[in-house]
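# Coordinate analysis (summary)
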Amino acid sequence: MALCEDTLFCNFPKCRAKLSGFAWVTACSHAFCDQHGSGEFSRSPAICPACSSALSGKLDIVRTELSPSEEYKAMVLAGLRPETVLDICARALAFWTYQVHQERLFQEYSLSRAEGQLKQMEKVLSQQSQSRELELNAMRGEIASLKRVMEEYKRKYSEVSERLMERNRQYQKLQGLYDSLRLRNMVVGEREVVGGGAMLRPYPSEPPPGLQRPITPRPSPQVLGMAGEGERFFTLEPEGPKNFFQFSSPPKDRRCILPKK
């Protein structure tokens, strides 16, 4: 069981992968994954990708196994003096401490950068929220004004509808009056036509026996029912009005007898 759960990360700026298997460590206390270490340190002179330090020494770059075997652990420090072993352990612990410190600094930098981005986003969000709130208030005011206009149109429409209904009622009333007057005029016209036909009949020349007609002025019949009131003439004949043919010759009993010479 591992005593420490922390792991090293590749110090290549664009990698930041967890180290496992083999790793490349430098004298400037940086560690790189096997992929980027073999690619970067194959050129001469070698330059540290993390701090740009020149690595010209023979042991400035070492490829090491992160999970050595038990045989390697038993033999790598065998025969060394205790102070040498302690010095090697102190250097190894210093390398580990430096990596942990750098990782902490990197995480703090990432955190501060994320906090700055978060504050910037919150500021932008607040500005956008304020602008949206202003737009929303403007839209609410516009909606309220449109509602008032709609209510005014509804009121006008109601008034116009009432006036239209009143005009329709008046129209129906006038239409009924017009129909009744037209029917009345038609009946009166028919009666006048019938009465005019009766007036065109000639009166008899002599009244019936036992009936004496009083001498009263009578209006002459209208010619074809077109004569006016001023075109009528009166007669004082006891027999009543006569036509043209009745005026042609008097009756025999009324002729004057002239004396013979």
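Just so you know, these numbers come straight off a predicted model, no measurement behind them.

Looking now at the state of the cysteines. The final tally for this structure, using the stated rule, is zero disulfides. Not part of a disulfide, C48 finds its nearest cysteine sulfur in C28, a span of 3.5 Å. A relative accessible area of 1% places C48 in the buried class.

Before going further, it helps to spend a moment on the side chain of H30. Along the chain, H30 falls in the loop between β1 (22-26) and β2 (31-33). The buried category is assigned to H30, whose relative accessible area is 9%. Polar contacts involving the side chain of H30 include one to the main-chain carbonyl oxygen of C28, which spans 3.3 Å. With residues up to four places along the chain from it excluded, the contact list for H30 reads N11, W24, V25, C48, A50, C51, F95, Y98 and Q99.

Our next topic: unusual backbone geometry. Look at the link from S44 to P45: it is a cis peptide, with omega at 0°. Position of P45 relative to the elements: it lies in the loop between α1 (34-40) and β3 (46-47). Look at R16: it is not a glycine, yet its phi comes out positive at around 55°. Residue position: R16 is located in the segment before β1. Even without being a glycine, S52 presents a positive backbone phi close to 60°. One can find S52 in the loop between β3 and β4 (54-55). We classify S52 as exposed; its relative accessible area is 57%.

Quick look at the packing of aromatic side chains now. As enumerated under the stated definition, the model contains two aromatic pairs in all. Judged by centre distance (6.0 Å) and plane angle (45°), the ring pair of W24 and F41 falls under tilted. In this pair, W24 sits in strand β1 while F41 sits in the loop between α1 and β3, placing the two residues 17 residues apart along the sequence. Clustering of aromatic rings is evident, with ring pairs tying together W24, F32 and F41. The aromatic ring of F106 is capped on one face by R16, whose charged end is 4.0 Å from the ring centroid. In this structure, R63 packs its charged tip against the face of F22, placed 4.1 Å from the ring centre.

Calculation criteria
Residues numbered from 1 in each chain as written. Predicted model: local features only at pLDDT ≥ 70, side-chain atom pairs only at ≥ 80, totals over all residues. Heavy atoms only, no water. Disulfide = S-S within 2.5 Å. Buried < 20%, exposed > 50% of the residue type's maximum accessible area, 1.4 Å probe, protein only. Helix = DSSP H or I, 4+ residues; strand = E, 2+ residues; numbered from the N terminus. Polar contact = N/O pair within 3.5 Å; in protein donor to acceptor, adjacent residues only side chain to side chain. Contact = heavy atoms within 4.5 Å. Phe/Tyr/Trp six-rings, centres within 6.5 Å; stacked < 30°, edge-to-face > 60°. Lys NZ or Arg CZ within 6 Å of the ring centre and 35° of its normal.

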